[in-house]
Structure formats: structure tokens, C-alpha cells
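Understanding the architecture of this molecule
This is what each chain is made of:
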Amino acid sequence: MRYVSTRGRAPSVSFADAVLAGLAPDGGLYVPETWPQLQSSARSIAFGHYASAAMHALWAFAGAPWEDSPKIANRAYLGADEPTPRWPLVVTPLAQRSPGAWILELFHGPSLAFKDVAMQLIGPLYEHLLSERNERLTVLCATSGDTGGAAVEALKNRDRIDLFVLLPKGRVSDVQRRFMTTSGAANVHAIELDADFDACQAILKQLFADRDFAARARLSAVNSVNWARIAAQCVYFHIAAQILCAHGPVNFVVPTGNFGDALSGFVAKQMGAPIGRIGIAVNANDIVARALKTGRYERAPRSHATLSPAMDIQVPSNFERILFEALDRDADHVARLYDQFAQSGGFGIPPQALAFLRDHFAAAALSDAETQAVMQETWEHGGYLACPHTAVALGFGRDGAAHLDAPVVTLATAHPAKFPDTVEAATGVRPALPARCADLFDRKEDFVSLPADIEQVKALIRDRSRAWR
Ligand SMILES: *Cc1c(COP(=O)(O)O)cnc(C)c1O
């Protein structure tokens, strides 16, 4: 399978190159040249092990049969201390709320956020690709909270990788920070910058833009533009849809920030999963909901800090991939619209593309007050503690579910204990950390504090990265 850029100004590449690079050199995002079908029966997706479904996804995206994929999928989803295959509902449990309503819990990984599901696959996948090429890599990650912890858990103690996490001082919760700073691994370097998230991200972009530095450090990024994340995330959509499709296609509601997870649902559908529509649930950062409603994709004057911080994203990168699809894969058109976006902060979505988007997706935005009310209701009437991101999606019904036919699966993206203050304020209950990380606050923290100065970050990477040459 070859991968092409959504802007059409870069050569096509292999799966391995797309995954190791992250972003395409023309500023576009890689997508597979055609949509592969999952070469596995509906029955074995519904009733097989999680790793087996993940293996079929790797085959589909890397080109089947890729003989190394069972090994990679097994390493990702077996767990070292638990060498038996795990059933899907152990990796991503499904809870029922009412006859047609389900919650797919994606937060049972090591850092208690849905990003673990994909990162757990990226760890062994990167290690495998790098050992095949006998290369080392410096992985950079700027985080507003959850990506950093998931990357640390997935990449710690990996011989061919050094991981540098840029985190904004004072802007992440204590639980989130400790998932980044307490690994004890020599290849993990947490850097607390005296800056906000946007400034951390700006430094990361400048490091990549410095071609000489990026090449010598062999930089790579594991943010959600990386195709491996989308490939790994479409697995739980396939499984849940096959388990629940007895009475027709299954709808999903996805708490959305960078549009990676929602896109993964669409990709699963293109691969043959019985999926109806995908509900996009957003907070006050509602560019996608506005776009579906008005037909204009337009940046708001400023971003809003909300109770669901992992979704506080102004411009969702993965929207570019769905727009590419909606425009019938016309890369020139995508490039023109994004040029316009860079200049004026918005563009009109052509009518046919808008019809395509409305056909596959519905969208709704929830305010913080509504989110809090949903958390309270869900606890008082169902005994279910939801994290604020999950609550935004559970509240989708108030506005958006009228556009969906049952059954509906709502994705739960973080463990409530990752946001204990918000959950307690809404429900009166302070959620406890699961037993396996109950000692999080006793672990020793290790991180470097730096001013928001790119030269100091560069010096640290030069000094510590084993990939440097
Ligand atoms: C990252 C994240 C999201 C948003 O996912 P996208 O793929 O960026 O849309 C939602 N909830 C939580 C808890 C997250 O960490």
C-alpha cells in the first residue's frame, strides 16, 4: 500500500515511511492511496482476540500478508506481565446504558486515556521498523496533557528511541504530569517549559522546520497526524460495530479535538465496518460543528479553555483528511483551500463536499455548564462516573442524537480519575486511581525545567539523544 499526501505536492511513500515521518513534506497529511478492506470475517472480528483484529488492520494498511504484523500486534496488546491473548472487551470494554445506548471505554491503558490504545501499537511498530533499518530515532512530542503520558508509557525503555516531551508548566493536571515524569526510564526526557501549550507546539514546529537539526537528530513526531494512530484506532470501531450490528449499522459519538478519533471511525467504515453515522461532539471550540451547520470552515477569534482540555483545539489537523475525501481526493483543491485558510482564516466548503460530510457525520457542541450537568445526571441516574470529555459526547443527545438512528456507541476517552477535581465538582465523588497506578503520587519525579528558549531545548536534545550524528 502506498501513501499519498492530501496536498498532492509530495511523492507517494510506503507505510513504513509514512509512519516514521508523520507529516508529509508538502505540509499535507498521508492517506492510503485506496481504502483497503479488512481481510477477516465479521465473525472473527466480533469474536476474536483484540490483537488479531489489530493484526488484520496492520495487514490492510501495510500490505497483506505482512509476516511481522502478528508479532507487533501481540506485543502491543498482550502485555509483558500477562502473556495470554486479551479479548476485545478487556482492552476496550463496552458498557450498556439503555437498550440502544452503549459506552465504549477506551481508557484502560497505562496512562488512563484513549491515546494509549494507539500508542501501545506504535511502540512495538516503531521498534520493529527501526531495527529492520538499523536506525535510531528522536521522538518529539508537545502535549497539552494526555499525549505525553501515553507516549512515555509506550516508548519508555525502547532501545532505538529517545523521547522528549515538551509540557507546559502549570497547565497540566498533577496526574497528567506524573504520568510523564515518573517513568524512571533513561530514554525518556520530560521538559517542563515555562510556556503555554501553543508555545510548546511552536517550539516543536521550529525544531522540525530547522532541516539540518531535524536530520541530524532524526526527529519524528507521534501526534495524531501520524497515520499509525489512525490505523490503530480504527480497530475498536471495527470490533464494536461487528459486535452490535445485529439490527443494522451502528452509530458512534466521538468526543472530538484534533479529529483523529472521529476520522478513524470513518476509515473503519470505508474498510467495510457496519457503521452508520458518526457524531462529532465538541466543546466551545466548535469549528467542526459550525462548519457542518453553515458550510464555512472558519477559525474562531480565540480558543476557549474548557472543562475538557484535551479537546481545546482551534484547528483540528485531521479535518484535512476528511476534506480530501469529501472533495473526491482532489489534492489541488485541498491545497488551494488550505492556502486560503492560512491567509484569511477560513474557506467555504463546496456544496457537494458539504453534502458528503453531512451524510457521514452529525455534529453538536456542548458548553461547560451542560457538560457538568451531564456528568451529574450520568452519575445520579446511571451510577456512571464520566470524565468531562466523555460527558461532552454523552450530552450529544440533547442536540445531535435526533440525527442518528439507534444503536449508538459513545466513546469514553479518559478515566474519570485523570480529572478528579472536575468530576468531584460535578458529582460530589472523587474518583480513585485504579490499583495498578495507585502509587502514582509516591513515585519519584524526574524532569528538566527550561525557559521557552528553543536554543536550550536544542542543546538538551543534542546532549541526550543517542540518534544525534
Ligand atoms: C485527545 C483526546 C480527545 C480528542 O481526540 P482527537 O482524536 O484529538 O479528536 C478526547 N478526549 C480525550 C480524553 C483525549 O485525550
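My aim in this report is to walk through the structure given alongside it, one point at a time.

1. Thoughts on helix 19 (residues 420-427)
- Within helix 19 the residues assigned to the buried category are P420, T422, V423, A426 and T427. All buried residues of helix 19 project into a common sector of 165° when viewed along the axis, lining one side. In helix 19, those exposed residues whose orientation departs by more than 90 degrees from the buried face are D421 and A425.
- Against helix 8 (174-181), helix 17 (368-382) and helix 18 (388-394) lie the buried residues of helix 19.

2. Digging into helix 12 (residues 260-270)
- Of all 11 residues in helix 12, 10 are buried, a share of seventy percent or more.
- Taken as a whole, helix 12 has its buried residues at G260, D261, A262, L263, S264, G265, F266, V267, A268 and K269.
- G272 lies just past helix 12 and shows a positive phi near 110°.

3. Overview of the pattern of salt bridges
- Inspection of the entire model under this criterion finds 19 salt bridges.
- With a shortest N-O distance of 2.9 Å, R133 and D17 are connected by a salt bridge. Placement of R133 in helix 6 (residues 115-133) and of D17 in helix 1 (residues 15-21) is noted, with a sequence separation of 116 residues between them.
- Exposure remark for D17: the relative accessible area of 33% places this residue in the partly exposed category.
- Several salt bridges share partner residues, and in doing so they unite D174, R177, R178 and E445 into one network.

4. Quick look at the site of the ligand
- Around the ligand sit 15 residues in total, of which K115, D146, G257, N258 and T413 are the nearest.
- A distance of 2.8 Å separates an oxygen atom of the ligand from a polar atom in the side chain of D146.
- Contact distances for the ligand include 2.8 Å between an oxygen atom and a backbone N or O atom of N258.
- Alone, the ligand offers 390 Å² of accessible surface; in the complex the protein occludes 97% of this.
- Taken together, the residues of the shell around the ligand sort by class into six nonpolar, six polar and three charged.

5. With respect to the sheet that holds strand 4 (residues 94-98)
- The strand order across the open sheet formed by six strands is 4-5-15-10-11-14, and the pairing between neighbours is mixed. Lying at the two open borders of the sheet, with one neighbouring strand each, are strand 4 and strand 14 (361-365). The sheet shows a mean angle of 25° between the axes of neighbouring strands, taken without regard to direction.
- Sheet topology note: the strand 11 (residues 275-282)/strand 14 ladder contains five bridges and is parallel. By the bridge assignment for strand 14, A281 is matched with A364.

6. Structural notes on the packing of aromatic side chains
- Applying the stated criterion across every chain yields a total of 20 aromatic pairs.
- Look at F266 and F356: their rings are 6.0 Å apart centre to centre, the planes differ by 65°, and that puts the pair in the edge-to-face class. Pair noted here: F266 is in helix 12 and F356 is in helix 16 (residues 351-360), with a separation of 90 residues, a long-range link.
- Residue F356 is classed as partly exposed on the basis of its relative accessible area, which comes to 23%.

7. A short note on the pairing of strand 15 (residues 408-412)
- Among the five residues that make up strand 15, five are buried, leaving the element largely enclosed by the rest of the structure.
- Residues V408, T410 and A412 point to one face of strand 15 and V409 and L411 to the other, with burial holding for every one of them.
- Strand direction decides the pairing type here: strand 10 (residues 250-255) and strand 15, joined by three bridges, are parallel. Along strand 15, the bridge assignment pairs V253 with T410.

8. Observations regarding the sheet that holds strand 8 (residues 188-194)
- Ordered by their spatial adjacency, five strands build an open sheet running 9-6-7-8-16, and the pairing between neighbours is parallel. Only two strands of the sheet have a single neighbouring strand rather than two, namely strand 9 (219-221) and strand 16 (448-451). With strand direction ignored, the average angle separating the axes of adjacent strands in the sheet is 30°.
- As paired elements, strand 6 (residues 137-142) and strand 7 (residues 161-168) share six bridges and run parallel to each other. When the sheet's bridge partners are listed, A142 is paired in strand 7 with L166.
- Strands in contact with helix 6 are strand 6, strand 7 and strand 9; relative to strand 6, the strand with the most contacts, it is inclined by about 150°.
- In this fold helix 7 (residues 146-155) packs onto strand 6, strand 7 and strand 8, with an angle of close to 160° to the strand it touches most, strand 7.

9. Some thoughts on the packing of helix 14 (residues 319-326) against helix 16
- At their nearest, the axes of helix 14 and helix 16 sit 9 Å apart, and the two run at 115° to each other. Taken as axis vectors, helix 14 and helix 16 run roughly perpendicular relative to one another. The handedness of the crossing between helix 14 and helix 16 comes out as right-handed. When helix 14 is examined against helix 16, the residues F319, I322, E325 and A326 are found in contact with a partner set consisting of A353, F356 and L357.

10. Comments concerning the packing of helix 3 (residues 50-62) against helix 4 (residues 69-78)
- At their nearest, the axes of helix 3 and helix 4 sit 8 Å apart, and the two run at 135° to each other. Taken together, the axis directions place helix 3 and helix 4 in an arrangement best described as oblique. Of the two possible hands of crossing, helix 3 and helix 4 adopt the one that is right-handed. On helix 4, the residues touching Y50, A51, A54, M55, L58 and W59 of helix 3 are S69, P70, I72, A73, N74 and Y77.
- Broken down by class, the residue content of the contact of helix 3 with helix 4 amounts to 10 nonpolar, two polar and no charged.

11. With respect to the nonpolar core
- Among the nonpolar cores identified, the biggest contains 113 residues, and Y77, W227, F252 and I349 are the most heavily contacted of them.
- At 13 residues, helix 11 (residues 227-244) tops the list of elements feeding residues into this core.
- Apart from the residues within four sequence positions on either side, W227 is in contact with Y3, F15, Y30, V31, P32, W35, F61, L263, V267 and R321.
- With 22 residues, the next largest nonpolar core counts V253, A391, V392 and F396 among its residues.

Cut-offs used in this document
Each chain carries its own residue numbering, running from 1 in the direction its sequence is written. With pLDDT at 70 or above as the cut-off, local features in this predicted model cover only qualifying residues; side-chain atom pairs require 80 or more to be listed or tallied, and sums for whole chains, interfaces and linings still use all residues. The side-chain numbers reported here are obtained from all heavy atoms of the structure, hydrogens and water having been left aside. A simple rule labels every residue: compare its accessible area, found with a 1.4 Å probe on the protein chains alone, to the largest value its type can have, and call it buried under 20%, exposed over 50%, or partly exposed in between. Helix and strand definitions here come from DSSP, where helices need a minimum of 4 consecutive H or I residues and strands a minimum of 2 consecutive E residues; each element is numbered from the N-terminal end. Our arc is simply the arc of the directions from the helix axis toward the C-beta atoms. Two residues qualify as a contact provided that any one of their heavy atoms is within 4.5 Å of a heavy atom in the partner residue. For salt bridges, the criterion is a side-chain nitrogen of Lys or Arg within 4 Å of an Asp or Glu carboxyl oxygen. Whether a residue is near a molecule or strand depends on its heavy atoms: if one lies within 4 Å, it is near. A 3.5 Å cut-off defines polar contacts: any pair of N or O atoms within that distance qualifies, except that in protein one atom must be a possible hydrogen donor and the other a possible acceptor, and neighbouring residues in sequence count only when both atoms are side-chain atoms. To be clear on the numbers: accessible area is Shrake-Rupley with a 1.4 Å probe, and residue cover counts the displayed protein chains and nothing else. Classes in brief: Ala, Val, Leu, Ile, Met, Phe, Trp, Tyr, Cys and Pro nonpolar; Asp, Glu, Lys and Arg charged; the others, Gly included, polar. Between any two strands, pairing holds if DSSP finds at least two bridges. All axes here are fitted lines through C-alpha atoms, helices being fitted over the stretch that makes contact, and every angle between N-to-C directions spans 0 to 180 degrees. Each pair of aromatic rings taken from Phe, Tyr and Trp, with Trp reduced to its six-membered ring, is defined by centres within 6.5 Å and is described as stacked if the planes are under 30 degrees apart, edge-to-face if over 60, and tilted in the remaining cases. Here the angle decides the label: under 35 degrees means roughly parallel, over 145 means roughly antiparallel, 65 to 115 means roughly perpendicular, and every other value means oblique. For any helix crossing, the convention is left-handed if the near helix is rotated counterclockwise from the far helix by under a right angle, and right-handed if that rotation is clockwise. Remark: nonpolar core denotes a set of buried residues (Ala, Val, Leu, Ile, Met, Phe, Trp, Tyr, Cys) joined through side-chain atoms within 4.5 Å.

Coordinates in, geometry out; function isn't part of it.
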